[in-house]
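For reference, the chains in residue letters:
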Amino acid sequence: MGAGKSVVGKRLAQRLHVPFIDADHEVEKAAGQSIADIFATLGEEAFREGERKVMARLLDGPVCVLAAGGGAFMCPETRRRIKRRGISVWLRADLDLLVRRTAGRGHRPLLNQGDPRAKLESLMAQRYPVYETADVTVDAGEESPDTTTGRVLDALRDWLDANDSPPPEPVETNP
């Protein structure tokens, strides 16, 4: 939360001429309610199950830039699917940056109870060791989203070169 997945993801998709999809928005559409409401009425476990199903559907679809929620990559099944179908990119950010970027935003259920800084710190301790398994890691900082997007593109090119892989072919979509 707050690393820049959506902002950088949209710019990356534009530069790559592929669609951008925000998995959280797709979960909301599938459930017919906001993530905050899903957490409140059904609980986190139900949200994670819905998120897993939506991620599977999206990953089996056409090439795109897919911004996955922070907890999606924690699911082993989703990580395996990402490994088979795409290139995972971790926008790594430090605690202070994440606290600043998420402050005052009520749509993040995991940060709405207790001390948001302590919760982010706890999530980082749990998640960062798993995030380290991503194919590509780019440090997100105070630079502009365009600068970060350029660094992601460079890192993707390096990864593709190192893995002797052609880039995925874009699929034409109707807007």
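What you are looking at is a predicted structure, and each value in this text was computed from that prediction instead of being measured.

### Some points on the confidence of the model for the protein chain
On average, residues of the protein chain score 85 in pLDDT, and 86% of them reach the 70 mark or higher. Between the elements of the protein chain, mean pLDDT differs from a low of 80, seen in helix α6 (residues 95-102), to a high of 96, seen in strand β1 (residues 20-22). Predicted confidence is poor over residues 171-175, with pLDDT under 50, and the contacts of this stretch with residues over four places away or in other chains come to 3 contacts.

### A few points about the pattern of salt bridges
In the structure shown here, the tally under the stated rule is 17 salt bridges. Residues E44 and R48 are paired through a salt bridge, measuring 3.2 Å at the closest nitrogen-oxygen approach. In this pair, E44 and R48 both sit in helix α4 (residues 44-59), 4 residues apart, roughly one turn of the helix. The partner of R117 in a salt bridge is D96, with the nearest N and O atoms 2.5 Å apart. Placement of the pair is R117 in helix α7 (residues 116-131) and D96 in helix α6, with a sequence separation of 21 residues. Among the residues examined, R117 registers a relative accessible area of 34% and is labelled partly exposed. According to the relative accessible area criterion, D96 is partly exposed, its value standing at 38%. Residues participating in the shared-partner salt-bridge network are E49, R52, K53, D60, E77 and R81.

### Considerations on the environment of L42
Within the secondary structure, L42 sits in the loop between α3 (35-41) and α4. Assessed through its relative accessible area of 54%, L42 is described here as exposed. Residues within four places of L42 in sequence aside, it is in contact with Q33 and D37.

### A word on unusual backbone geometry
Phi angles above zero are rare outside glycine, and H17 is one such case at about 60°. Mapped onto the elements of the fold, H17 is located in the loop between α1 (5-16) and β1. You can call H17 exposed: its relative accessible area is 68%.

### A look at α4
Taking 1.5 Å per residue, 16 residues should reach 22 Å; α4 reaches 22 Å between its end C-alpha atoms and fits that length. Buried residues along α4 sit in contact with β1, α2 (23-31), α3, β2 (65-67) and α5 (76-85).

### As for α1
With 12 residues, α1 extends 16 Å from end C-alpha to end C-alpha; this agrees with the ideal 16 Å at 1.5 Å per step. Within α1, the full set of buried residues consists of V8, G9, L12 and A13. Viewed end-on, α1 has its buried residues packed into an arc of 140°, placing them on one side of the element. Looking at the packing, one finds that the buried side of α1 touches β1, β2, β3 (89-92) and α8 (145-162).

### Regarding the packing of aromatic side chains
Across all of its chains, the model carries 5 aromatic pairs by this definition. Within the aromatic cluster, the residues linked to one another by ring pairs are F73, W90, Y128 and Y131. Geometry around F73 places R79 over its ring, the cationic atom sitting 6.0 Å from the centre. One cation-aromatic arrangement involves R92 over W90; the distance from NZ or CZ to the ring centre is 5.4 Å.

### Concerning the packing of α2 against α4
Running from amino to carboxyl end, α2 crosses α4 at an angle of 110°, the nearest separation of the two axes being 9 Å. On the basis of their axis angle, the class for α2 and α4 is roughly perpendicular. The handedness of the crossing between α2 and α4 is right-handed. Here α2 contributes A23, D24, E26, V27 and A30 to the contact with α4, which in turn contributes F47, E51, V54, M55, R57 and L58.

Calculation notes
- Residues numbered from 1 in each chain as written.
- Predicted model: local features only at pLDDT ≥ 70, side-chain atom pairs only at ≥ 80, totals over all residues.
- Heavy atoms only, no water.
- pLDDT = per-residue confidence, 0-100.
- Helix = DSSP H or I, 4+ residues; strand = E, 2+ residues; numbered from the N terminus.
- Contact = heavy atoms within 4.5 Å.
- Salt bridge = Lys/Arg side-chain N within 4 Å of Asp/Glu carboxyl O.
- Buried < 20%, exposed > 50% of the residue type's maximum accessible area, 1.4 Å probe, protein only.
- Expected span 1.5 Å × (residues − 1).
- Arc of directions from axis to C-beta.
- Phe/Tyr/Trp six-rings, centres within 6.5 Å; stacked < 30°, edge-to-face > 60°.
- Lys NZ or Arg CZ within 6 Å of the ring centre and 35° of its normal.
- Axes fitted to C-alpha atoms, helices over the stretch in contact; angles between N-to-C directions.
- Parallel < 35°, antiparallel > 145°, perpendicular 65-115°, else oblique.
- Left-handed = near helix turned anticlockwise from the far one by under 90°.

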